[in-house]
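Here are the chains, one letter per residue:
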Amino acid sequence: MHTTTLPQSNNRTETGSDRLTVAVIGLGYVGLPIALLARDKGYIVSGIDTDPAKRKAIKARVVADLDPRFERLLANESLTVSNDYALVHDADIIMICVPTPVREDHTPDLEPLKNACRNVGRQLLPGHMLIIESTIHPGTCEEILLPILEEESGLIAGEDFGLAHCPERVNPGDDVWTIDKIARVIGGSTPSARRQAANFYRSILDAPVHEMETIREAEAVKMVENSFRDINIAFVNELAMSFTKLNIDVVNVLRGASTKPFGFMLHLPGCGVGGHCIPVDPYYLIDYARINGFAHRFLSLAREINNSMPEFTVGLLEEELTRRGTSLRGAHIALLGLSYKPNVSDMRESPALEIKEILEKRGATMAIFDPYIPEHSNVHGLREALHGADAVVLATSHDAFVELTPDLLQAEDVSIIIDGRNFLAKDSFAEAGITYRGIGRS
Ligand code: SAJ
């Protein structure tokens, strides 16, 4: 088996520099930080993104939800961005960081990734190292992407070019675990490709790089780590629904359980599981295993439980309105928060959007306020959101919502608060005679 040796300097670049050149395809929350980090570590970096709005924001050096360190790197020097895949020609290392979403029916949608591979394949040259960071299920590289790359390029993986998979591990909004600090796993189409890619990551990260035996193992690692999180969240969400009947505060119980110094990992219930990773990745594994003759009942049940939390949350509101002899039809509700996690503007798979849809279907009108997403809010302040509201539903625990105090609700004569993230001090509302319902606590 030939081995692919990464050229020290392929001189494909006009600069004639002996610094390696990196082309990053997909400049979202994964691709842009890694591009800026590689450049900061001395690589010549350019980016490709098909979204003109993204290219415009990067050229203007104003991109939402970037960690402060990368905000500074971008502010200091913009990044060469284009939608022309010919840029790949001059690269030594090509990184693909495009989204791998699911369709409405929860089946994996690999089209964006397959299109990127088709475009890269047409530009691929001997000596190229290709790294896939997008989240993919086991078998994707060997069974789907390599055939595309070889067909489009006429080259042979392992002989002419190297392919590696390093699943992204980005935690948007986390200033502690920035991407340079997060350990990574790497698999390669050949041991040589794996080693070459691992050496690249070791040159830009301040964190361990763990080499897997096969590329399938690297694909499986990401599925496992995010399915682990999804099933643990489903566990506490089921407890929350059970303990609501048992009149036990599930958050107090979970915090009590987390005093155990071993064998327990705290997760917390909420109005649902959003984002581009946790509610998506398990479906990739479920689907691939099904095709190969195994039914993931446990993973599927966890998805079912987590997907039921928006309805459970609205159910708490309906219970309280019914107690007052009214209903959702014609009610006016303050919906606070649209993003899937606090202090970011990302609404992908957000439970808040599901709650909004259910409330609309049940005939309620809404004041919608998310300080991070003004363009989808119809009011632009807490006081305005509460004005004339029959109840409040908090769907995202933005730090700014700490100002949602009993005094504020009393001032606007709002007597029901549904705390979808168990974010607020429940006792203070009860003491003010306001009905507080959390997820598994009241
Ligand atoms: N959630 C809960 N209860 C929990 C934790 C999360 O309901 O105990 C909900 C959140 O509200 C959110 C969703 O789940 O709607 C996802 O939350 P998340 O904290 O997992 O946020 P993500 O999607 O940004 O997850 C990322 C993931 N990183 C990667 O996939 C590389 C995930 O693997 C990390 O575990 C997570 O960050 C993290 O640890 O913060």
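All of these numbers come straight from a predicted model, not from anything done at the bench. Numbers given for residues are sequential positions, taken from 1 along each chain in its written order. Reporting in this predicted model follows two pLDDT cut-offs: at least 70 for local features of residues, and 80 or more for side-chain atom pairs to be given and counted; totals over whole chains, interfaces and linings ignore these cut-offs and use all residues. The side-chain values count all of the structure's non-hydrogen atoms but skip hydrogen atoms and water molecules.

Undergrad: Can you help me understand the confidence of the model for the chain in this one?
TA: Do not read the fine detail of predicted coordinates wherever pLDDT is low. In predicted models, pLDDT denotes the confidence assigned by the predictor to each residue on a 0 to 100 scale. Summary statistics for the chain give a mean pLDDT of 94 and a share of 96% for residues scoring 70 or more. Should any heavy atoms of two residues lie within 4.5 Å, those residues are counted as being in contact. Note on residues 1–16: pLDDT under 50 across the span, and 46 contacts to partners over four residues away in sequence or across chains.

Undergrad: Explanation requested: a nonpolar patch on the surface in the structure shown.
TA: Put simply, a patch holds well-exposed residues, over 30% relative accessible area, that have no salt bridge, with like charges counted together within 9 Å and Val, Leu, Ile, Met, Phe, Trp or Tyr side chains within 5 Å. Areas reported as accessible are Shrake-Rupley estimates using a 1.4 Å probe. Residue values count occlusion only from the protein chains shown. By definition here, a salt bridge exists when the distance from a side-chain nitrogen of Lys or Arg to a carboxyl oxygen of Asp or Glu is within 4 Å. On the surface, L246, I248 and V253 cluster together to form a nonpolar patch covering roughly 230 Å² of accessible area. As for its position among the elements, I248 is in the loop between α7 (215–246) and α8 (250–257). Helix and strand labels come from DSSP, where a helix needs a run of H or I of at least four residues and a strand needs a run of E of at least two; each type is numbered from the N terminus.

Undergrad: Would you explain helix α1 (residues 31–40) in this entry?
TA: Side chains of residues three or four places apart in an α-helix project in the same direction, reflecting 3.6 residues per turn. A large share of α1 lies buried, amounting to nine of its 10 residues. When accessible area is computed with a 1.4 Å probe and restricted to protein chains, residues below 20% of their type maximum are described as buried, those above 50% as exposed, and intermediate ones as partly exposed. Listed in full, the buried residues belonging to α1 are G31, L32, P33, I34, A35, L36, L37, A38 and R39.

Undergrad: Would you explain the site of the ligand in this entry?
TA: We call a residue near a molecule or strand whenever a single non-hydrogen atom of that residue lies within 4 Å of it. Within the structure, the ligand sits among 19 residues, and N171, N226, R229, L268 and Y340 are positioned closest to it. In protein, a polar contact requires one atom able to donate a hydrogen and another able to accept it; more generally it is a pair of N or O atoms within 3.5 Å, and residues adjacent in sequence count only if both atoms are side-chain atoms. Residue G274 places a main-chain N or O atom 2.9 Å away from an oxygen atom belonging to the ligand. At a separation of 2.7 Å, an oxygen atom of the ligand approaches a polar backbone atom of Y340. Burial of the ligand by the protein amounts to 83% of the accessible area it has alone, namely 730 Å². Taken atom by atom, the bulk of the ligand overlaps the largest pocket. Residues are grouped as follows: Ala, Val, Leu, Ile, Met, Phe, Trp, Tyr, Cys and Pro are nonpolar; Asp, Glu, Lys and Arg are charged; all remaining types, including Gly, are polar. A per-class count over the shell around the ligand returns eight nonpolar, five polar and six charged. Domain assignment of the residues forming the shell around the ligand places at least three in each of domain 1 (21–215) and domain 2 (229–442). Grid points spaced at 1 Å over the protein atoms alone were grouped into cavities, where a 1.4 Å probe fits but cannot get out, and pockets, open sets with protein on both sides within 12 Å along at least five of seven lines, with lining residues defined by an atom within 4 Å of a point. Any molecule with more than half of its atoms within 2 Å of a cavity's or pocket's grid points is regarded as sitting in that cavity or pocket. Bear in mind that the domain bounds are from an automatic or database domain assignment.

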